[in-house]
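Below, each chain spelled out in residue letters.
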Amino acid sequence: KEVLKEIKGNPLLKHIPIIIFSTSKSPEDLKQSYNLGASSFIVKPPSFEGLLEIADSIHKYWFEIVSVRQVISFT
């Protein structure tokens, strides 16, 4: 959460999408993460196969589905 605060508090970095990958299922952790600027909150799966499925889904979402800015101004 401290790293999330730092990233989202930095004008040069705040545009970076942040995915929280946690073992916590706490509604408070979820709420706090989104309030701090997280793009997504994912609860870690219990199996390696589940982890691979999530990694594949994240890859497809960010690199095949979503349109992201190709040029980012750092001024």
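## Let's talk about the nonpolar core
Now for step 1: In this structure, Leu4, Ile7, Ile18, Ile20, Ala38 and Phe41 together form the largest nonpolar core, which totals six residues.
Now for step 2: Sequence-distant contacts of Ile7, defined by excluding residues within four places in its chain, comprise Leu13, Lys14 and Ile18.

## What about the confidence of the model for the chain?
Now for step 1: Of the residues in the chain, 89% reach a pLDDT of 70 or more, and the chain-wide mean stands at 89.
Now for step 2: Looking across the chain, the model is least confident in helix H3 (residues 48–65), with a mean pLDDT of 92, and most confident in helix H2 (residues 27–35), with 96.

## Looking at the packing of aromatic side chains
What characterises a pair of aromatic rings is the spacing of the ring centres plus the angle enclosed by the ring planes.
Now for step 1: Throughout the structure, instances matching the rule amount to one aromatic pair.
Now for step 2: Both rings, one in Tyr61 and one in Trp62, keep their centres 5.0 Å apart while their planes meet at 85°; by these two values the pair is edge-to-face.

## Description of the pattern of salt bridges
Now for step 1: Applying the stated criterion across every chain yields a total of three salt bridges.
Now for step 2: A salt bridge links Lys5 to Glu2; the shortest N-O distance between them is 3.4 Å. Of this pair, Lys5 and Glu2 both sit in helix H1 (residues 2–9), three residues apart, roughly one helical turn.
Now for step 3: On the accessibility criterion, Lys5 (39% relative accessible area) is partly exposed.
Now for step 4: A relative accessible area of 53% means that Glu2 is categorised as exposed.
Now for step 5: Between Asp56 and Lys60 there is a salt bridge; the shortest N-O distance is 3.3 Å. One end of the pair, Asp56, and the other, Lys60, are both in helix H3, four residues apart, so they sit about a helical turn from each other.

## Comments concerning a nonpolar patch on the surface
Now for step 1: Judged by side-chain polarity, Phe21, Phe48, Leu51 and Leu52 come together as a nonpolar surface patch covering roughly 360 Å² of accessible area.
Now for step 2: If you tally residues by element for the nonpolar patch, the top one is H3, at three residues.
Now for step 3: On the secondary structure map, Phe21 appears in strand S1 (residues 19–22).
Now for step 4: Judged by relative accessible area, Phe21 falls into the partly exposed class, the value being 32%.

About the cut-offs
Residues numbered from 1 in each chain as written. Predicted model: local features only at pLDDT ≥ 70, side-chain atom pairs only at ≥ 80, totals over all residues. Heavy atoms only, no water. Core = buried A, V, L, I, M, F, W, Y, C linked by side-chain atoms within 4.5 Å. Buried < 20%, exposed > 50% of the residue type's maximum accessible area, 1.4 Å probe, protein only. Contact = heavy atoms within 4.5 Å. pLDDT = per-residue confidence, 0-100. Helix = DSSP H or I, 4+ residues; strand = E, 2+ residues; numbered from the N terminus. Phe/Tyr/Trp six-rings, centres within 6.5 Å; stacked < 30°, edge-to-face > 60°. Salt bridge = Lys/Arg side-chain N within 4 Å of Asp/Glu carboxyl O. Patch = residues over 30% accessible without salt bridge, like charges linked within 9 Å, V, L, I, M, F, W, Y side chains within 5 Å. Areas by Shrake-Rupley, 256 points an atom, 1.4 Å probe, with all protein chains shown as cover.

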